[in-house]
Amino acid sequence: MLRIVVGIKWVPNTTSVNIDPKTGTLIREGIPSVVNPHDLEAVEMALRLRDEYGGRVTAITMSPPSARAGLEHVLGMGVDDAVLVSDRAFAGADTLATSYVLAKVIERLGYDLIVFGQETIDSSTAHVGAQVASWLDIPYVYYVTHARLEGGRLIVRRSLENVRETYELELPALISVAMHTLHPRRVRLSHKLRAKLESPIETWTNRELGLEPDCIGLKGSPTALSKIEMIPKVPRKNEIFRGDPREAAKWLVDKLIEEGLLEV
Amino acid sequence: MKEVGYKFDVIVVGAGPAGSAAAYTLAKKGFKVLLVERGRVPGSKNVFGGRVYADPVGEVFDGLDGAPIHRWVTRERISLVSGGEMSSFEFRGSKRTSFTTYLTELAGWMARKVEEAGGVVLTEITVDGLVVEGGRVTGIRVGDERLTSDVVIDAEGINRLLLERAGLVPKLSVRHTGLGVKEVIKLQRDRLEDLFGLEGDEGMAWLMLGDVTDGLPGGAFLYTNRDSVSLGLVIALGDAVKEVGRHVSRYVEALRLHPLLRRYLRDGRIMEYSAHLVPEYTWPDLPHLLYTDGLLVAGDAAGLLLNLGYNFRGVDFAAYSGYLAARAVERAHEMGGMTSENLAIYRDLLEESFVLRQLRKFRRAPRMRENRRLYGAYPGLVNAIMDQLFNSPYETPKVMEALRRAREGRIGWLEMVRDLLEMVRSV
Ligand SMILES: Cc1cc2nc3c(=O)[nH]c(=O)nc-3n(C[C@H](O)[C@H](O)[C@H](O)COP(=O)(O)OP(=O)(O)OC[C@H]3O[C@@H](n4cnc5c(N)ncnc54)[C@H](O)[C@@H]3O)c2cc1C
Ligand SMILES: Cc1cc2nc3c(=O)[nH]c(=O)nc-3n(C[C@H](O)[C@H](O)[C@H](O)COP(=O)(O)OP(=O)(O)OC[C@H]3O[C@@H](n4cnc5c(N)ncnc54)[C@H](O)[C@@H]3O)c2cc1C
C-alpha cells in the first residue's frame, strides 16, 4: 500500500501580504486564511496517484488550530486522514525548524511518498521541501509536473523552459509539484460529510512528538531576517483624458512624445 | 447517482438567516440536521444594507449573546434629494429596537449556534438540485452524489434556482426584482461618531430618495457600523431595466461622490463592494411556494421579505420564517410524516405570525413604489418649498403659496391627491 503524505500550509488569503512597516512582521490579523493554493495541486497529485495505484493519503500541516478548516477542505477533496501539528512550542519557526518538525511528523506517520507544493504565497522560500528531504535523507525532485509508478519506482517529469526531464526515483521520496500544472478537484459532499462526522483529523502537540526544545520554534530557528524594506510605489500621474476617442489618441501620442517615451 | 451513506432527518439548503434559524431550532429539538452552504464560510455570499430588528432574531436564537451588534439605531434620517438640495426629516429615538451589523458576521454567529445545538454545518458545498421522486422531495443532489432526508428546507435566498430547476416555481422575472449595490467604507471610529453625531454604540439609518438613484425607482441608504458605513442603493429593475445606462457599480460610485455625501466619506477607505438581487414584489403577489411533499421554503426563497421603501425587513423575516418552518417539521413529525398535508401547518403558522400579517398589510407597497413621481417630482417639490420658505429675504410666502408655486410645471393637484391617497393606503 502506497502511503502518501502531503504537506499543506494555512496562509493569509492575499497575494499582497501586508507587512507591518514598524516591526517588519507579517500582519495576519483580519485576513481570512486559505490553504496555500499551490498545495492544493500537491493534494491533487497525491489523490491521483492514490486513485490510480491504491493507498492512503494523509495531509499534514503545522499551524495554529484554525488550520483545521483547511484540513477539512482537503479531506473534502478526498484525502483519507489528516494531522494538525499545533503547539505554542513550534511558534516562531523559520524554515529549518518548520521542516524539522514536519520531518519528524512524517517519520512517525510512516511514508512511501511525500508530496509538497512548489512554494507558499506568503513566504515563498521553497525551502521546506528540500529541507524535509534532507532530514529524512531521501531523494527529492522539485518542480514536478507528472508522476506515475512503474515497477515500484516513481517516474516523475519536470518541464523546464525548453527541456523536459524525466527521473526515476526509489521510494521513499519527496516531490514538489510545479504550480499551475494541475487543476485541484472540487470538494465532494460525501468526503466533506466524512470529515465532519468521523473526525479523521488528529492533533499532535510536542507531547506526542517529544522534540528537543532547542530544535523547534524560535529557539530552533537560526535564520535572522536582517531587514525588510517596503518597495515604494512608483508615483503615477494619473492623468485622465475624457472625450472623443480621436482626440484622446492624439492627446496620448502628444503626451508620450512630450515625456520622451515616443520618438518621431 | 451515488447515494451517500449518511442519512439526516432534515437537510437545510443555505446558511443565511432563514436556513440557520431552521437548522438551529430543529437541532435543538434533537433532529439530525445538516445545513449546507455553498460559500467558503456562512455569510460569505450574503449582501445586505445593514440593519436588523433585534427581537424576532433574539426570539429565534434564544437571545443575542455574542451576536455581532455594531450599533443600535437610535437615529432615523430620511432625506429627499434633488439636484444639490436635500430636505431631511430626522427622528432621534430612545429605544433600542434594531442594530447595524455585517450580515457576514451575523450569519457566522447564527451558523455557530447551529453547531452548538448539534447540527452539522457543511460549507463549500453547492447543492445542484432537489431530488424529486414521485412528486415528493426526498433529498439533495450535489454533483453525482445524492443525500436523502425526510424533509428538505430550502432557504437558498432570492435567486431560487433549485426551486426553478425542480419546476416548482416559475422563473424570477426582472419585473419582480430589484438590484442592490453596496460599498462598505471604513472610517475612523471617533470621526464617524462626530460626523453623524453619535455617542457610544448609537447608530444611524439614513434613507435617501430622489436624485440619488438618477430618478429610477429605488432609494439609497447609509448605515453606520462600528467603524465603517454601509452605503448603497436599491434600484427596482422592473421597467427601469432599460434605463440603467451605466454599470451598476457606477451608481454607488456616483452616490459616494455625490456633493451632499462626499463630505462624510472623504477620509474613508473602501473595504468591500457587492451586488445582489432584492425581491421587489414579494408574497402574496408572486406565485411563491411555501411547501410541498418533503419540502419547505423559507426566507427570501419564499418571497417572505418586506420592502417598504423606507425600511427593509429581510433578515428578521427570513429568520422567523425559518423558525416557523422548523416548527412545522416538528409538528408534521408528530403527525406521522413530511407529507404536504402535514406540512401545511407551516402556512398557518406564518399566517398567525407577524410575517404574513405584515406582508398582507403592506401588499400595496410595491406598486406604490413604482410611482416615478416619488423619485423625481416630489423631492423637487419639497426642496422648492423649503427653498422659498427659507431663502426669501423680503417676501416670505405662506406655506400654501410656496406649495402652489413649487407645484407649477411639476405635478397637477389631482395627481397629487391621488398619490397621497395611494400612499396613505399603501404604507
Ligand atoms: C526568522 C523567521 C521567523 C519566522 N517566524 C514565523 C512565525 O513566527 N510564524 C509563522 O507563521 N511563520 C514564521 N516564519 C515563516 C515560516 O518559517 C515559513 O513560513 C515556513 O517555514 C514555511 O516556509 P515557506 O512559507 O517559505 O514555505 P515553502 O518552503 O515555500 O513551502 C514549500 C512547501 O512546503 C510545504 N509546507 C510549508 N510550510 C508548511 C507547514 N507549515 N505545514 C505543512 N506543510 C508546509 C507546503 O507543501 C509548501 O508548498 C518565519 C520565518 C523566518 C525566516
Ligand atoms: C442591498 C441589500 C440591502 C438589504 N438591506 C437589508 C436590511 O437593512 N435589513 C434587513 O433585514 N434585510 C436587508 N436585506 C435583505 C436581507 O439581506 C435578506 O432578506 C436576507 O438575507 C434573506 O435571508 P435568507 O436566509 O432567506 O437568504 P440569504 O441571506 O440570501 O441566504 C441564502 C444562502 O443560501 C446559499 N445558497 C444559495 N443557493 C445555494 C445552493 N444551491 N447550495 C448551497 N447554498 C446555497 C447562499 O450562499 C446564501 O448563503 C437587504 C438585501 C440587499 C440585497
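These numbers were taken from a predicted model, which means no experiment stands behind them.

Procedures and definitions
Residues numbered from 1 in each chain as written. Chains lettered and ligands numbered in written order. Predicted model: local features only at pLDDT ≥ 70, side-chain atom pairs only at ≥ 80, totals over all residues. Heavy atoms only, no water. Helix = DSSP H or I, 4+ residues; strand = E, 2+ residues; numbered from the N terminus. Buried < 20%, exposed > 50% of the residue type's maximum accessible area, 1.4 Å probe, protein only. Contact = heavy atoms within 4.5 Å. Rg over C-alpha atoms; globule rule 2.2 N^0.38 Å. Areas by Shrake-Rupley, 256 points an atom, 1.4 Å probe, with all protein chains shown as cover. Lys, Arg positive; Asp, Glu negative; His and termini not counted. Charge placed at Lys NZ, Arg CZ, Asp CG, Glu CD. Axes fitted to C-alpha atoms, helices over the stretch in contact; angles between N-to-C directions. Parallel < 35°, antiparallel > 145°, perpendicular 65-115°, else oblique. Nonpolar A, V, L, I, M, F, W, Y, C, P; charged D, E, K, R; others polar. Pairing = 2+ DSSP bridges. Salt bridge = Lys/Arg side-chain N within 4 Å of Asp/Glu carboxyl O. Core = buried A, V, L, I, M, F, W, Y, C linked by side-chain atoms within 4.5 Å. Phe/Tyr/Trp six-rings, centres within 6.5 Å; stacked < 30°, edge-to-face > 60°. Near = heavy atom within 4 Å. Polar contact = N/O pair within 3.5 Å; in protein donor to acceptor, adjacent residues only side chain to side chain.

Draft legend 1. Expanded view of the overall build of chain A. Along chain A, the regular secondary structure elements total seven helices and twelve strands. Taken over the C-alpha atoms alone, chain A extends approximately 70 × 45 × 35 Å along its principal axes. Counting the 264 residues in chain A, one finds 43% classified as buried. Across chain A, the fraction of contacts at a sequence separation of at least 24, relative to all contacts at a separation of at least 6, is 71%.

Draft legend 2. Just the overall build of chain B, in detail. Helix and strand counts for chain B stand at 15 helices and 19 strands. The C-alpha atoms of chain B give a radius of gyration of 23 Å, which matches the 22 Å a tight globule of 427 residues would have. Dimensions of chain B, computed from the C-alpha atoms along their principal axes, are close to 85 × 45 × 40 Å. Relative to its full complement of 427 residues, chain B shows a buried share of 58%. Look at the contacts in chain B between residues 6 or more apart in sequence, and 71% of them connect residues 24 or more apart. Carbon and sulfur atoms form 51% of the exposed surface of chain B, whose accessible area is close to 18300 Å². Charge-centre separation for chain B: the mean point of 57 positive side chains lies 3 Å from the mean point of 56 negative side chains.

Draft legend 3. Summary view of the packing of helix H8 (residues 315-335) of chain B against helix H11 (residues 354-361) of chain B. All names here are of chain B. Orientation of H8 relative to H11, taken along the N-to-C sense of each, is 135 degrees, at an axis distance of 10 Å. With respect to H11, the axis of H8 lies oblique. For the pair formed by H8 and H11, the contact residues are Asp 316, Phe 317 and Tyr 320 on the first element and Phe 354, Val 355, Gln 358 and Leu 359 on the second. Of the residues that constitute the contact of H8 with H11, the class distribution is five nonpolar, one polar and one charged.

Draft legend 4. Representation of the pairing of strand S9 (residues 136-142) of chain B in the model. The element S9 of chain B is extensively covered by neighbouring structure, given that five of its seven residues are classed as buried. Connecting S9 of chain B to the next strand, strand S10 (residues 145-154) of chain B, in antiparallel fashion are two residues, including Gly 143 of chain B with a positive phi near 60 degrees.

Draft legend 5. Region of the structure containing the sheet that holds strand S8 (residues 146-150) of chain A. Residues and elements named next belong to chain A. Pairing in this open sheet of three strands is antiparallel, and the strands run S8-S9-S10 from one edge to the other. Only two strands of the sheet have a single partner each, and these edge strands are S8 and strand S10 (164-170). Averaged over all pairs of adjacent strands, the angle between strand axes in this sheet comes to 20 degrees, irrespective of strand direction. The sheet contact formed by S8 and strand S9 (residues 153-159) spans five bridges and is antiparallel. In the strand pairing of S9, Ala 147 is matched with Val 156.

Draft legend 6. Representation of the pattern of salt bridges within the structure. Residue and element names in this part refer to chain A. Taken as a whole and assessed by the stated rule, the structure comprises 48 salt bridges over all chains. The residue Glu 170 makes a salt bridge to Arg 153 at a minimum N-O spacing of 2.9 Å. One end of the pair, Glu 170, is in strand S10; the other, Arg 153, is in strand S9, and 17 residues separate them in sequence. A residue is classified by how much of its surface remains accessible, and Arg 153, at 30% relative accessible area, is partly exposed.

Draft legend 7. Region of the structure containing the nonpolar core. By size, the foremost hydrophobic cluster in this structure holds 122 residues, and its most contacted members are Ile 175 of chain A together with Ile 140 and Tyr 346 of chain B. Here this core takes twelve residues from H8 of chain B, the largest share from any one element. Core analysis: the next-biggest nonpolar cluster, separate from the first, contains 28 residues, Val 81, Met 204, Val 212 and Leu 222 of chain B among them.

Draft legend 8. The arrangement of the packing of aromatic side chains in detail. All names here are of chain B. Scanning all chains against the criterion turns up twelve aromatic pairs over all chains. Seen from their ring centres, Trp 206 and Tyr 264 are 5.5 Å apart, and the 85 degrees between their planes marks the pair as edge-to-face. Linking Trp 206 in strand S12 (residues 202-210) with Tyr 264 in helix H7 (residues 262-265), this pair joins segments that are 58 residues apart in sequence. Ring pairs connect the aromatic residues Phe 317, Tyr 320, Tyr 323 and Phe 354, which therefore count as one cluster.

Draft legend 9. Seen up close, the site of ligand 1. All names here are of chain A. The full set close to ligand 1 counts 27 residues, and Lys 9, Asp 39, Ala 93, Thr 120 and Thr 125 are the nearest of them. One nitrogen or oxygen atom from the main chain of Ala 93 is found 2.7 Å from an oxygen atom belonging to ligand 1. Within the side chain of Thr 120, an N or O atom sits 2.5 Å from an oxygen atom of ligand 1. The fraction of the free accessible surface of ligand 1 (940 Å²) that becomes covered by protein chains is 81%. The residue inventory of the shell around ligand 1, partitioned by class, reads eight nonpolar, 13 polar and six charged.

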